[in-house]
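# Chains, contacts and geometry: an overview
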Amino acid sequence: MRASCMGRTAPIGESAEHVDPSKAGEVWLVQNEQHPFFEVPDMSHIPAGTLFKSYAHWVKASSLVWRVPVSEDGELSSPQRLFQLHFSRDSRMHVTGKGIEGADEVIPLRIAGLNIPADVMAKYPHLFGSTHLEIDPQHMRKVREYCKGQVALSVQSHTGRVLDCTGVQLAGMLDDLFATDEPLGDHIGRDTKSRAVSVWAPTAKKVELLHFWELRGGQPEVLPMACSERGVWSCARPAEWQNTAYKFRVTVFCPWTNQIETMEATDPYSRCTTANGERSMFVDMDSPQLMPPGWWEHPVPGLVHWTDVSVYELHIRDFSATDPTVPDHLRGKYRAFCRQHLYPQEPRRLSNGLAHLKGLQEAGMNHVHLLPTYDYGSVPERPEEQAHVMEDLSHHAPDSEYQQSVVMSVADRDGFNWGYDPVHYGVPEGSYSTAPDGPLRVLEFREMVQSLHSLGLRVVLDVVYNHTFASGPYSQNSVLDKIVPGYYHRRQEDGEMCHSTCCNNTASEHRMFERLMVEDLVHWARDYKVDGFRFDIMGHHFVGNMTAIRNAINGLTLERDGVDGRKMYIYGEAWDFGEVALNQRGRNASQHNLGGSRIGAFNDRMRDGAMGGSPYQSPDCQGFATGLAVDPNGAQHQGSAKEQLATLLHRTDWVRFALAGNLKDYEAQVADGRLVAGQHETYHGNQPLAYGCDPAENVIFNGCHDNETIFDQVMMKLGRHVDADGRARVCGLAHALLVLSQGVPFIHAGDDLLRSKSLDRDSYNSGDWFNRIDWAGQHNNFGIGLPPASKNQQAWEFKRPLLTAADRYRPSPAIIARQAAYFKALLRVRYSSPLFRMPTGEHIRQQLRFHNTGPQQVPGVIVMQLHSSWQPDHGSWDPQYKQALVVFNARPEPYEAEFPEGAEWYKLHPALAALQEDAMVQLCSADNEKRRLHVSPRMAAVFVQPRS
């Protein structure tokens, strides 16, 4: 407890300028007190500590830790302080100057030493240096009772003076005593004939089941639930309750209010809910009524290696909300993917969106990544509850503020949101269903998956286990935190919730949250036949979590589960930040920890090297593809011509290592002439450039739903002198760097059509207006107004002139069609040869090399040579081509060079040669007599040497 004098101040009601010095006083601030004192406080009446913070941690059944010294000088040999645990069944404890009062029981704690046991430190490394306390064995029988009430710790000096008090975080003890594999949610009973519903709530004093015959309205019948030794509350449920609704009523101590609260909550293991997640529903996932015809038998597109994966990132509403070939009632819905519902009388007809996906699939694209499809809380699910923009915004100026003001006036009430606001992890989102009240959403989701499979596309789900949309006792969208308050969310050392992911960080280090993740993913894989998972902010989980998930998915078999889990690709955002950064909470699933896991991680090295800067730097920072040094945009902050050239050469090395699979032990000559492994080169000054061990761990992207599209990045980074055609070519070059990389190329939907969001850097809530895609390629959506002020206003003055000149920079339908054709040709190149999809790091080290490297390189050009192995069983063998040579020319003029050493003869790859209407592609050539290559400006060309 500390009291600090903050100096002299004016008495209340008098200004500091006219204060009478004789009346001036002092202001005292006291730790944990909300109000100042205007005279020296009497500390005997001031509470010692507070129960609204929880600095103590119950880490195992018999062990607690608290960062309070054991004695005045911190030495065990000095007179030791007295630590006590206090318990109140009905949350009646409070703190006074005498310490904690109102406890039903108080027990002493034994000081176990200054060193925390190794197993505790492994789970809670951030608590290093805390005092280790133990409960005497004679009191252990009380522990299970203590977790159902209010618990606190106090510390006294050896003379009996109360020094501090605090609440207690219980997660470690709950894991130790109550973690269980007992069935949860709606499940088959122990007799295998009846059914039951169960919820894990070990801290609850009482749990009741509220059963509703109605999906909306009506009064529930209330049934008691019985608690097992492991804290699982269960109740039998009759078969006739099928397709009816339920909730739990939980009476439990809540650390956020320091009160016993009685709250109604839905089931964390829900498999269906009513609209807006208001009630859970009893549904049978094996019911034929919830399966489209041929569901269990329908073929899933095959996959040999994970490096065969290519990903097209798509938002369900974006796909069809503005597609005029989709019937109005299906726009933005699951069934917009289903031909049998789009045109019942014309089963072979495709919407514009489906036709575009089919064209990409025929060129080689094989995975569609769907942005969040679980039940999220940021959109009203019933159509009648959704607000709409009711006016035509197309008549306003391309740089007007008006469009965004109208869009944002309904943004929190319309039908659009990315959906990174999870409420029920295991339930399909209702706003995408034609009937959000009821189980039809289950059938429609399966129809969507089956339809995508029929197009030859595998399906990846975007999963967001790093946070929940809400927490606490009051929000309808709070689920986990009502059932076991304070357990499922990660907390700071003082007990406050962590919010580094944006809000309500979850605690996957806790055993029952990891169980929820694993079982939920198995549910989606088995019950919906999805083919992979993308983890949002994966770095806030741990390597142990991801290993458990990978093992569980691998365990799914065609014979038992109808799916082959070993073919399911897992990847995510392995960013290292927040309270978990640098392994502060354990070995997190960040880039530097995932090498060898074969779990994919987004590679920001390619993005920053190719496009320039980073999302946190000035948007006009240039990179390899966007003209740094070779076609400068005039931005003074980029430095002199010499400085830009040095930066370009360094950034070009970033791109090369990304092209080579981001392998930490791949060696290449870098800008200063050294031959160096990727892990020994630096990225943004202080991180290893390459961090992977396997090319399947390398997810290559230059744009995604976050930040600006590739077209919008190019708009902001190129000089104003570059016309629409030149900008489109740069977009194509950025695509080529992805599609021709070793690893897994990742493309944001519409980027191949030069999609724009009118320079919106974060369109998560920007409505259909800023997020629309024209699958017919007539308009790329650039110049439809200034992007929403909430995320962009500070950059409006930079972006406004670009939008003002929209007519000059906006690509024509012909340019869009040309670039879409070029993109598909690149896909055909990739899937024409295994050399672009080598499955192991060893193959890449042996068969891929770069030319035009080191200090004497031609700036703005990357030359990558790929050799087939000499026999099929000695590396990556291409039966068609002996070798391939890829030239990425970012310069604004053609590039000419001699054949690299060892090359016999080349020809332009047939997929590119087939683009007869693209004059710049046709100018790319290999002169075999003169042994010289010619590559057009701002273009990637692929030359091959056939075996014949």
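These lines cover the structure that appears in this document, whether it is placed above or below. (Residues numbered from 1 in each chain as written. Predicted model: local features only at pLDDT ≥ 70, side-chain atom pairs only at ≥ 80, totals over all residues. Heavy atoms only, no water.)

Right, let's get into helix α19 (residues 796-804). Along α19, the positions that sit buried rather than exposed are Trp796, Lys799, Leu802 and Leu803. On an axial view of α19, the arc spanned by its buried residues comes to 125°, and they lie on one face. In this structure, the buried residues of α19 make contact with α7 (402-409), α15 (710-717), α18 (789-792) and α20 (806-809). (Buried < 20%, exposed > 50% of the residue type's maximum accessible area, 1.4 Å probe, protein only. Helix = DSSP H or I, 4+ residues; strand = E, 2+ residues; numbered from the N terminus. Arc of directions from axis to C-beta. Contact = heavy atoms within 4.5 Å.)

What follows covers the pattern of salt bridges. Applying the stated criterion to the full structure yields 55 salt bridges. For Asp119, the salt bridge identified is with Lys60, shortest N-O distance 3.0 Å. Note that Asp119 is positioned in helix α1 (residues 118-123) and Lys60 in strand β3 (residues 56-60), a separation of 59 residues in sequence. Judged by its relative accessible area of 44%, Asp119 is partly exposed. Taking the relative accessible area as the measure of exposure, Lys60 reaches 28% and is therefore partly exposed. One continuous salt-bridge network, built from bridges that share partners, spans Arg89, Asp104, Glu105, Lys142 and Glu145. (Salt bridge = Lys/Arg side-chain N within 4 Å of Asp/Glu carboxyl O.)

Here we come to helix α16 (residues 724-739). With 16 residues, α16 extends 23 Å from end C-alpha to end C-alpha; this agrees with the ideal 22 Å at 1.5 Å per step. Burial of α16 is extensive: 15 of the 16 residues sit out of reach of the surface. (Expected span 1.5 Å × (residues − 1).)

Ordered in space as β21-β22-β25-β26-β27-β28-β33-β34, the eight strands form a closed barrel in which the pairing is parallel. Strand-to-strand twist across the sheet, computed as the mean angle between neighbouring axes with direction ignored, equals 30°. Here helix α11 (residues 543-554) sits on the sheet in contact with β26 (532-535) and β27 (569-572), set at roughly 160° to β27. Sitting on the sheet, helix α13 (residues 604-611) touches β28 (600-603) and β33 (698-700), and the angle it makes with β28 is about 15°. (Pairing = 2+ DSSP bridges. Axes fitted to C-alpha atoms, helices over the stretch in contact; angles between N-to-C directions.)

In terms of nonpolar packing, the biggest core is built from 230 residues, with Trp58, Phe535 and Phe888 touching the most fellow members. Val460, Phe602, Ala696 and Cys704 belong to the second largest nonpolar core, which has 14 residues in total. (Core = buried A, V, L, I, M, F, W, Y, C linked by side-chain atoms within 4.5 Å.)

What follows deals with the sheet that holds strand β16 (residues 226-227). Taken in spatial order, the four strands line up as β12-β13-β17-β16 in an open sheet, and their pairing is antiparallel. Each edge of the sheet is formed by a strand with only one pairing partner; in this case those strands are β12 (185-188) and β16. In the sheet, strand β13 (residues 195-200) pairs with strand β17 (residues 232-237) via six bridges, with the strands oriented antiparallel. Pairing of Arg195 across the sheet is with Arg237, part of β17.

What follows concerns the packing of α16 against helix α21 (residues 813-832). At a minimum axis separation of 10 Å, α16 and α21 run at an interaxial angle of 20°. Here α16 lies roughly parallel to α21, going by the angle between them. Here α16 and α21 pass one another in a crossing that is right-handed. Contact with α16, carried on its side by Ala724, Asp725, Ala728, Arg729, Gly732, His735, Ala736, Leu738 and Val739, involves Ile815, Arg818, Gln819, Tyr822, Phe823, Leu826, Leu827 and Arg830 of α21 and no other residues of that element. Per-class residue counts for the contact of α16 with α21 are ten nonpolar, three polar and four charged. (Parallel < 35°, antiparallel > 145°, perpendicular 65-115°, else oblique. Left-handed = near helix turned anticlockwise from the far one by under 90°. Nonpolar A, V, L, I, M, F, W, Y, C, P; charged D, E, K, R; others polar.)

On to the packing of aromatic side chains. Taken as a whole, this structure holds 35 aromatic pairs when the rule is applied. Ring plane angle 15° and centroid distance 4.1 Å describe the contact between Tyr246 and Phe282, whose orientation is recorded as stacked. Of the two residues, Tyr246 is situated in strand β18 (residues 245-254) and Phe282 in the loop between β20 (280-281) and β21 (311-314); the sequence distance between them amounts to 36 residues. With relative accessibility at 1%, the residue Tyr246 sits in the buried group. Plain terms: the ring middles of Phe899 and Tyr906 are 5.1 Å apart, the flat faces sit at 70° to each other, and that makes the pair edge-to-face. You'll find Phe899 and Tyr906 in the same group, each marked buried. One Lys or Arg, Arg349, reaches over the ring of Tyr343 and ends 3.9 Å from the middle of that ring. Here Arg947 stacks its cationic end above the ring of Trp877, 4.0 Å away from the centre of that ring. (Phe/Tyr/Trp six-rings, centres within 6.5 Å; stacked < 30°, edge-to-face > 60°. Lys NZ or Arg CZ within 6 Å of the ring centre and 35° of its normal.)

For the rest of this paragraph, the subject is unusual backbone geometry. The backbone phi angle of Cys502 is positive, close to 140°, even though this residue is not glycine. Here Cys502 is to be found in the loop between α9 (480-483) and α10 (511-528). The phi torsion at Asn662 lies on the positive side, around 60°, for a residue other than glycine. With respect to the helices, strands and loops of the structure, Asn662 is situated in the loop between α14 (641-659) and β29 (667-669). Since its relative accessible area comes to 2%, Asn662 is described here as buried.

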